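Here are the chains, one letter per residue:
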Amino acid sequence: MLVDVILPVLADPSIPDEQVGGMLRERIGMSRLREVMAAPWKPLPKDHGRLSAMDASYAYLRQFTPDVLAVIDFKGGPGTTDLMAAVAVLKKLNETGGRKVPAGAPGSFMAARYAGYLARARKSGDDTAYRHYWELCVILSLRDGLRSGDVYVPGSRRYADPATYLYTPAQWQPRQAGYCQLVGKPATAADALEQGREELHTALAELENTLAGALPDDTGTVRLDEDEHLVIPPLTAEDIPAEARELKDELSGLLPFAPVASLLIELDGRTKFLDCFTHAGGRKLAQSPDLKRNILAVLIALATNLGLARMSEACGISYDVLAWTMEWYVREETLREANTCIVNHHYGLELSKVFGGGTMSSSDGQRFPVRGKSLSGRDMIIHGGRVLSTYTHVSDQWSTYGTKIIVPTVREAHFALDEFLGNATDLPVTEHATDTHGATLINFGLFDLVGKALTPRMRDLTRVTLVRDDIPAEIGKRYPHAGPLLAARWNEDLVSDCWPDLLRMGGPLKYGQASASLIVGKWSAASRQNTMAAALKEWGMLRRTIHTAKYLSDPAYRRRISRQLNKGESLHALRRDLRYAQQGAITRPHPGEQTEQAWCLAVLTNAVVTWTTEYYTLAVRQLRGEGRGVPDELLAHISPGHSGNINFFGVINVDVEAELAKLSGGWRPLRPAQLRDLGL
């Protein structure tokens, strides 16, 4: 409570140091200071009281933890001998009803921040408190071990032995040569280290030239200030010329106006994407006009968040027909195939090549509100309530080639590789940009091991640890300006010893034998004693240093990354416009249903982008045919995510007299019980 009085005095540079003490004694008062000093001060526990707070829920945990330990067969990996022995002791206590922890029970597995609780309980002779704290430490350590893979459950998928995610040495031996050729990585550790060092010194040389050539008063370039601190000025993603804005307005004025249903019908005539919706029973029926109409109605209903009941009222198709169509034709498999068809068509358009070459992409999460119960929804104050995330992958041509429903409180970095490696479109994507949430050492290492490049836009670069491959004195001689920024030594020996295993780690991801998000999550949570995880992070440290050096030394490189991220974020607005019903709130509770809805939104988003790109192309041809100069440099700044000429809401005919005639005594009749049972 005294901080509000003390800090303003200490932070005021106009108050001389010799006057601070007297001023504080006068303002606070000696009697109050003596009163505070007389009160006992209890030091804060190392865990900030977390374990004692969990002890309040001990009775609740005991309702299920004994059953979990009795039923599930937990196995421990290397370094978990004491933990598994403690689990066995706890199971024995549960079986026999014992209340006192045996004197020889293991305790070395628990975190150091919890040791004080057990020491105090043992010293005071409180066996009950000691049992509570010891059991909580066992459960917490078991949970952390499951997350990292140090503890596994035979037969489980998510909590399986991490070794089962990789090829065995016998399986990997015949595949290694082909894999190395596919991803462009040396098979031997010596060649890999030499390749890494060469890339590192090339990037550091560019950074050294940038820092050496920067003037102290040049506020627009990356430089070192008078205290040798790195200064990174803000850089705009792109400077859009006024001519480009005027051209976009002119092209938008030439686009025709169309309802979204008409847009989809027109696009299907050129792409045949509706043929991708096959019957779930394996029978590919002839795509009759009525069936196409029904599929389009379901797509619009799910993408716009109207739902089948409201769509039935809006389009005149019965609810039963729409429900049957969704059940048998609209599922994740057919939606992915339809989306791929549209993206491939967009990739072949003339104007798409002006937007980008299809070699770069980005991923970002977008929050949507949730109503009712949802397995993937979480309460987040910053977003105003319960939300979930749709994690989308967008190419530099503005097309969305992947989407995924994720829990909003989980780090997005775990899912950056999923759709990127699962890309089934014609887009030749080799480089991927994320924001800070997608940049981890594990991702840097794995992206490189599968032959791709992770190029994130990271904040607080001055706090990022960069590595060197030599002693500070030698690096300082070679790079006088950039050398002091390299704070850590790269552990080449660890990477060299584990290089065959690192290649074997990337193999299942590249060949689709394991889920990337599962692998990334396991290695990210692995303990420091896990040698393979440590080696992967060391390789990631090298790749992050190379990227950071290039990012700082090349403004064009920075702009390209920011511009690509802006493309992905700009499509968020289009998705919000499309998902207008029910204020954008997701009401479907199951993740599978939410995934289908997310893919419907992706299909509709790509349809709008593709249709707009086609008509932009026709408009450009017309202007050029009239003798107008329309350079590609200006067209590159135009976004096809334009939706001002598309009616998402359909056409509503209002007949006042007919609507009034439906009322009985000024009111509409209540719904029959049969309809209420159906949720209509």
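Right above here is the structure, for reference.
Description of the structure in this document. No experiment lies behind these values; they were computed from the predicted model shown.

1. Some points on the overall build of the protein
Across its full length, the protein carries 29 helices and 14 strands. The dimensions of the protein, computed from C-alpha atoms along their principal axes, are 85 × 75 × 70 Å. Relative to its 680 residues, the protein shows a buried fraction of 47%. Counting contacts in the protein only where the partners sit at least 6 residues apart, residues at least 24 apart contribute 72% of the total. Carbon and sulfur atoms form 54% of the exposed surface of the protein, whose accessible area is close to 34200 Å². Here the protein holds 77 positive side-chain charges and 79 negative ones, and the gap between their average locations is 7 Å.

2. Considering the environment of Pro408
With respect to the element layout, Pro408 can be found in the loop between strand E9 (400-406) and helix H19 (416-421). Residues Pro408 and Thr390 lie 18 residues apart in sequence; the distance between their C-alpha atoms is 8.5 Å. The residues touching Pro408, leaving out its near neighbours within four places in the chain, are Arg367, Ser376, Arg378, Met380, Val387, Leu388 and Ser389.

3. A few points about unusual backbone geometry
A positive phi angle, close to 60 degrees, is found at Lys272, a residue other than glycine. Phi at Gln582 is positive, roughly 55 degrees, even though this residue is not glycine. With respect to the helices, strands and loops of the structure, Gln582 is situated in the loop between helix H25 (555-578) and helix H26 (591-625). On the basis of relative accessible area, Gln582 is assigned to the partly exposed category, the value being 22%.

4. A word on the nonpolar core
One finds Leu446, Trp499 and Trp523 to be the most contacted residues of the largest nonpolar core, which totals 79 residues. The greatest single-element share of this core, amounting to 11 residues, is contributed by helix H24 (residues 531-553). If you look at the next biggest cluster of nonpolar residues, it comprises 69 residues, including Ala303, Trp398, Leu601 and Val620.

5. Description of the packing of helix H15 (residues 308-315) against helix H16 (residues 319-328)
Where H15 meets H16, the axes come as close as 9 Å, and the angle between the chain directions of the two elements is 125 degrees. Classified by the interaxial angle, the pair formed by H15 and H16 is oblique. Regarding H15 and H16, the two cross each other, and that crossing is right-handed. Only Tyr319, Leu322, Ala323 and Met326 of H16 make contact with H15, whose side of the interface consists of Leu308, Ala309, Met311 and Ser312. Tallied by class, residues from the contact of H15 with H16 come to 7 nonpolar, 1 polar and no charged.

6. As for a positive patch on the surface
Judged by side-chain charge, Arg50, Arg113, Arg147 and Arg158 come together as a positively charged surface patch. Looking at the secondary structure, you find Arg147 in helix H9 (residues 127-148). Residue Arg147 is classed as partly exposed on the basis of its relative accessible area, which comes to 49%.

7. Describing the pattern of salt bridges
All chains considered together, the criterion is met by 26 salt bridges. Taking the shortest distance from any N to any O, the salt bridge between Lys477 and Glu474 comes out at 4.0 Å. Taken as a pair, Lys477 and Glu474 lie in helix H21 (residues 472-478) at a separation of 3 residues, close to a single helical turn. Judged by relative accessible area, Lys477 falls into the exposed class, the value being 65%. Residues joined in a network through salt bridges with shared partners are Lys185, Glu199, Asp448 and Arg543.

8. Brief notes about a nonpolar patch on the surface
Taken together, the side chains of Tyr60, Phe64, Val68, Val71 and Ile72 define a hydrophobic patch exposed on the protein surface, amounting to about 460 Å² of accessible area. Assignment of secondary structure puts Phe64 in the loop between helix H5 (58-61) and helix H6 (65-71). Classification of Phe64 by relative accessible area gives partly exposed; the value is 35%.

9. A few points about H15
Listing the buried residues of H15 in full gives Leu308, Met311 and Ser312. The buried side chains of H15 occupy one side of the element, clustering within an arc of 105 degrees when seen end-on. For H15, exposure combined with an orientation more than 90 degrees from the buried face picks out Glu313 and Ala314. Buried-residue contacts for H15 involve helix H14 (289-303) and H16. Gly316 sits one or two residues past H15 and shows a positive phi near 85 degrees.

10. Quick look at the pairing of strand E6 (residues 360-369)
Counting buried positions along E6 yields 8 of 10 residues, so the element is predominantly enclosed. Relative to strand E10 (residues 431-433), E6 runs parallel, the two sharing 3 bridges. Note that in E10 the partner of Ser361 across the bridge is His432. The sheet contact formed by E6 and strand E8 (residues 385-395) spans 9 bridges and is antiparallel. The partner of Ser361 across the bridge, within E8, is Ser395.

11. As for the pairing of E9
Successive side chains on a regular strand alternate, one facing one side of the sheet and the next facing the other. Most of E9 is tucked away, with 6 of its 7 residues classed as buried. Across 6 bridges, E8 lies against E9 in antiparallel orientation. Residue pairing in the sheet places Thr390 in a bridge with Ile405 of E9. What sits between the antiparallel neighbours E8 and E9 is a turn of 4 residues, in which Trp398 has the positive phi angle 75 degrees.

About the cut-offs
Residues numbered from 1 in each chain as written. Predicted model: local features only at pLDDT ≥ 70, side-chain atom pairs only at ≥ 80, totals over all residues. Heavy atoms only, no water. Helix = DSSP H or I, 4+ residues; strand = E, 2+ residues; numbered from the N terminus. Buried < 20%, exposed > 50% of the residue type's maximum accessible area, 1.4 Å probe, protein only. Contact = heavy atoms within 4.5 Å. Areas by Shrake-Rupley, 256 points an atom, 1.4 Å probe, with all protein chains shown as cover. Lys, Arg positive; Asp, Glu negative; His and termini not counted. Charge placed at Lys NZ, Arg CZ, Asp CG, Glu CD. Core = buried A, V, L, I, M, F, W, Y, C linked by side-chain atoms within 4.5 Å. Axes fitted to C-alpha atoms, helices over the stretch in contact; angles between N-to-C directions. Parallel < 35°, antiparallel > 145°, perpendicular 65-115°, else oblique. Left-handed = near helix turned anticlockwise from the far one by under 90°. Nonpolar A, V, L, I, M, F, W, Y, C, P; charged D, E, K, R; others polar. Patch = residues over 30% accessible without salt bridge, like charges linked within 9 Å, V, L, I, M, F, W, Y side chains within 5 Å. Salt bridge = Lys/Arg side-chain N within 4 Å of Asp/Glu carboxyl O. Arc of directions from axis to C-beta. Pairing = 2+ DSSP bridges.

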